[in-house]
Each structure stands twice: as structure tokens, then as C-alpha cells.
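Spelled out from the first residue to the last, the chains are:
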Amino acid sequence: MEASAPGRARRGWRRSRAAGSPLSRAAVVLVFSALVLRAPPSVGYLAQLPRGIHLTQESMKIVGSPNFPVKVYVMLHQKSPHVLCVTQRLRNSELIDPSFQWHGPKGKIISENSTAQVTSTGSLVLQNFEESMSGVYTCFLEYKTTVEEVVKNLQLKYVIYAYREPRYYYQFTARYHAAPCNSIYNVSFEKKLLQILSKLVLDLSCQVFLLKSECHRVKMQRAGLQNELFFTFSVSSLDTAKGPKPCADHSCESSKRLSKAKNLIERFFNQQVEVLGRRAEPLPEIYYIEGTLQMVWINRCFPGYGMNILKHPKCPDCCVICSPGSYNSRDGIHCLQCNSSLVFGAKACL
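About the thresholds
- Residues numbered from 1 in each chain as written.
- Predicted model: local features only at pLDDT ≥ 70, side-chain atom pairs only at ≥ 80, totals over all residues.
- Heavy atoms only, no water.
- Salt bridge = Lys/Arg side-chain N within 4 Å of Asp/Glu carboxyl O.
- Helix = DSSP H or I, 4+ residues; strand = E, 2+ residues; numbered from the N terminus.
- Disulfide = S-S within 2.5 Å.
- Buried < 20%, exposed > 50% of the residue type's maximum accessible area, 1.4 Å probe, protein only.
- Core = buried A, V, L, I, M, F, W, Y, C linked by side-chain atoms within 4.5 Å.
- Domains from an automatic or database assignment.
- Contact = heavy atoms within 4.5 Å.
- Phe/Tyr/Trp six-rings, centres within 6.5 Å; stacked < 30°, edge-to-face > 60°.
- Lys NZ or Arg CZ within 6 Å of the ring centre and 35° of its normal.
- Axes fitted to C-alpha atoms, helices over the stretch in contact; angles between N-to-C directions.
- Parallel < 35°, antiparallel > 145°, perpendicular 65-115°, else oblique.
- Left-handed = near helix turned anticlockwise from the far one by under 90°.
- Nonpolar A, V, L, I, M, F, W, Y, C, P; charged D, E, K, R; others polar.
- pLDDT = per-residue confidence, 0-100.
- Expected span 1.5 Å × (residues − 1).
- Arc of directions from axis to C-beta.
- Polar contact = N/O pair within 3.5 Å; in protein donor to acceptor, adjacent residues only side chain to side chain.

Going by an unreviewed UniProt entry, the chain carries the name Zona pellucida-binding protein 1 and comes from Physeter macrocephalus.

This is the structure we're talking about:
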């Protein structure tokens, strides 16, 4: 038989059966491949700030504008920055007998509120930010710059948005030479493979989900028919939105942990090829077909959230809660227009 490309040649080999079941011999290859890999130590992870915002003392304090509402982004379940009841000019000025009053989506905000705090200097701080807290916040300021002048009034508006990290994940596909498609060995092998992959990425706070598993009969080039398993699975990060602190750099992003998980999985499949190449005995009934592993990077927003770099240039990579007049009913990337939607975070257009 004419030799085919490297890695595909094994698919047409004729094999005698070694002792033991097809599953047991295939499992040996899987387990050995997993043992030679070691996951790195557990990675600490924290909630992150929007990628467009750098963590500085100034960026944690937001000043208003007399000309337009200022947009503020708060990660879900996190503490907001200090929203000041002054403009940049007044912040650098002396104010005599200032009086501050805040109103939010649910009415007047009092300093004793468990989820909202108004400091003695008029700053608003929101605790454990929830979706329902998104909306327009207005501060009314009364002040004098000298003792003799009359009291001045200023009204400042802010639009405060909840946001979440996108649902980043990798989608993998891989093919295995298989037992006959109606064989229980294929089902058992599938379970064993998923167990090994899940343990492989567990220390990185990642999880593996089987998306699809199908068995097909494949006609080989210049060869006969053979059975193949087509696996499609995803590797995603466990939810870290409730981390205790904002992240000062990108080392704690879920995408970093996912990247390490991707590398482990790629090494695991490469190791299977190396183990098979060193075998003196015939190949097992079920084995990975070299070169068939493929990977796609996917990101989605949760329902009620979406990305919009034009509307939210300060938070371009964030899944920001959909504004009134828009919605996202599924795991898409963008909020869609809906004139009948009157709330933040709409998941349907009614």
C-alpha cells in the first residue's frame, strides 16, 4: 500500500488483537499520556477592571460633567468606584457649606442604605453591585465659593452600568479510530476521556463539557472503511465574577487560565501520539488519530449583556448590561435593538 501522510498512515494499518478489551488497551494510552503531564500550581484569580481602564487612584474616583451624563462601569457583585458629586473644576476648588443629595433608579439615596453609601464629602459608593442597580444616578449639589455670595446649585448625572466578563472558552474537536459504532466500548472510552480531561484542567479552575460525540464509518484513501469517533468538547473558566478584589494586571484574567488549560490539552493529545509511536505491540482498537485536534477561540456575553465599542469606548471588551431600547436573549455578543424594551438588562423583546 502506498504510504500516506505522517499520522494518517496508522489509520490503514492492519492489526492483530492483543490480550484484553479494546477499551482497556486504549485506556492505558490515555492514562499514561495524562500521567506524564503535570498541571501548574493553582492560579489565584480576582475580579478584573475593564481592560480599557487602568487601575490608579484617580481612576477609582469619577467626576461629573455639567454638559453630559458620565458613564460608569461596575463589575457585577463588586464595589463601585467613588462617584463624586463635583466637576473636575470644583474638585480643585474650595466649597463652603456644600450640601449633597443623590437620587438613583429607585429614588432618593440615604447614607444608611445597605447597598449604597454617601460619604461626608458627597461621594457615592455602591456595594455588591447588582443588575437592578444599573441606571441613571443624579447628584444635586448646593455650595458657595465665598461666604458672601449666594448659594449655587449644580445637577450632575451619571449612567452606571453593570458589566461582566465575556464567556470565553475554547472549542476542541478530535477524532479517534474506534470500535464498531454500536460497541459499548466507544461509550466507555468517551467517559474515560472526559474524566481525564476534566482532571487535567481542574487545578486551573477550568471545566470540560462534551458538546457532541458521533461515530461514523470513513472510507480511507486507497484503503477500506474504518470507524471513527468525532469528539467536540469545550474548555471554559469557572465563574470568577465574585472575586474579592479588582485585578491590577491581566495575570488573573480567566483568559490566562484558559490559555494554560489549552496548552495542557494540546500536550495531552501530542503525548498520545508519542506513546503510540513507542509501542512495540499492535495498536489498540481505539486510539487518537494524529493531526485531527482542532481548536477555536469563542467569546459570548450572557443574556441581557453585550459588547459595543462605539457606545462603551471606555469598556470595549466588557459585556455591558443592555440599555433600555435593546436586549440580548441568548449567548450572543451584541445587544439588539428593541424599542419596546424599557429596562436595563432585557433578555427578551416583548
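Next comes the rest of the account.
S.K.: Account for the pattern of salt bridges, naming residues and giving values.
M.R.: Throughout the structure, instances matching the rule amount to four salt bridges. Its salt-bridge partner being E228, residue R175 comes within 2.7 Å of it at the nearest N-O pair. In this pair, R175 is assigned in strand β10 (residues 167-177) and E228 in strand β12 (residues 225-237), connecting sequence segments 53 residues apart.

S.K.: An account of the state of the cysteines is needed here, citing residue identities and associated values.
M.R.: What we call a disulfide is simply a covalent bond connecting the sulfur atoms of a pair of cysteines. Enumeration according to the criterion identifies six disulfides in this entry. With its sulfur 1.5 Å from that of its partner, C85 forms a disulfide with C139. Since a negative S-S torsion denotes a left-handed disulfide, the C85-C139 link at about -85° is left-handed. With a gap of 54 residues between them, C85 in strand β3 (residues 82-87) and C139 in strand β8 (residues 135-144) connect regions that are remote in the sequence. Here C85 falls in the buried class, since its relative accessible area comes to 1%. Given a relative accessible area of 0%, C139 falls into the buried group. Here C301 engages in a disulfide with C319; their sulfurs sit 2.0 Å apart. Linking C301 and C319, the disulfide has an S-S dihedral of approximately -80° and is accordingly described as left-handed.

S.K.: Hey, could you go over the nonpolar core for me, with residue numbers and the actual values?
M.R.: By size, the foremost hydrophobic cluster in this structure holds 41 residues, and its most contacted members are W102, L124, L126, F129, Y137, Y158 and I160. Where this core is concerned, the elements lending two or more residues are β1 (61-64), β2 (70-75), β3, β6 (116-118), β7 (124-126), β8, β9 (152-164) and β16 (319-321). Looking at this core element by element, the count peaks at eight residues for β9. Looking at which domains feed residues into this core, each of domain 1 (61-164) and domain 3 (303-349) supplies at least three. Discounting residues that sit within four places of it in the chain, F129 has contacts with V74, M75, L76, H77, Q78, S134, Y137, I160, Y161 and A162. By size, the runner-up hydrophobic cluster in this structure holds 29 residues, among which are L194, C206, F233 and F268.

S.K.: I'd like a description of the packing of aromatic side chains, backed by residues and values.
M.R.: Describing an aromatic ring pair means giving the distance of the ring centres and the angle of the ring planes. One pass over the full model with this rule turns up 15 aromatic pairs. An angle of 20° between the planes, with centres 5.1 Å apart, marks the rings of Y168 and W297 as stacked. Of this pair, Y168 sits in strand β10 while W297 sits in strand β14 (residues 294-300), and the two are 129 residues apart along the sequence. Overall, the relative accessible area of 11% leaves Y168 in the buried class. Among the residues examined, W297 registers a relative accessible area of 36% and is labelled partly exposed. Here the aromatic residues Y168, Y170, F172, Y176, F189, F231, F233, F268, F269, Y288 and W297 are joined through ring pairs into a cluster of three or more. Here the basic side chain of R164 rests over the ring of F302, its NZ or CZ set 3.7 Å away from the ring centre.

S.K.: Outline the packing of helix α3 (residues 184-202) against helix α4 (residues 254-277), supporting the account with residue identities and numerical values.
M.R.: Between two packed helices, both the angle of their axes relative to each other and the distance between the axes serve to describe the pair. It is at 9 Å that the axes of α3 and α4 come closest, and there the two elements cross at 140°. Between α3 and α4, the interaxial angle falls into the category oblique. The interaxial crossing formed by α3 with α4 has right-handed handedness. The residues of α4 that touch α3, namely those facing L193, I196, L197, L200 and V201, are A261, L264, I265, F268 and F269. Looking at the contact of α3 with α4, its residues break down into 10 nonpolar, no polar and no charged.

S.K.: An account of the confidence of the model for the chain is requested, with residue identities and associated values reported.
M.R.: A residue-level look at the chain finds 78% of positions with pLDDT of 70 or above and a mean pLDDT of 82. Throughout residues 1-19 the model reports pLDDT below 50, and contacts reaching past four residues in sequence, or to other chains, amount to 35 contacts. Low confidence marks residues 240-252, where pLDDT is under 50. Its contacts with residues over four positions away, or in another chain, come to 34 contacts.

S.K.: With reference to specific residues and values, describe α3.
M.R.: Taking 1.5 Å of rise per residue, the 19 residues of α3 would be expected to cover 27 Å, and the 27 Å separating its terminal C-alpha atoms lies within 8% of that figure. Those residues of α3 lying buried are N186, F189, E190, L193, L194, I196, L197, L200 and V201. The buried residues of α3 occupy an angular sector of 165° when projected down its axis, which confines them to one face. Residues of α3 that are exposed and point more than 90 degrees away from the buried face comprise I184, K191, K199 and L202. Capping the start of α3 is the job of one residue whose side-chain oxygen sits 3.1 Å from the backbone nitrogen of Y185: S183.

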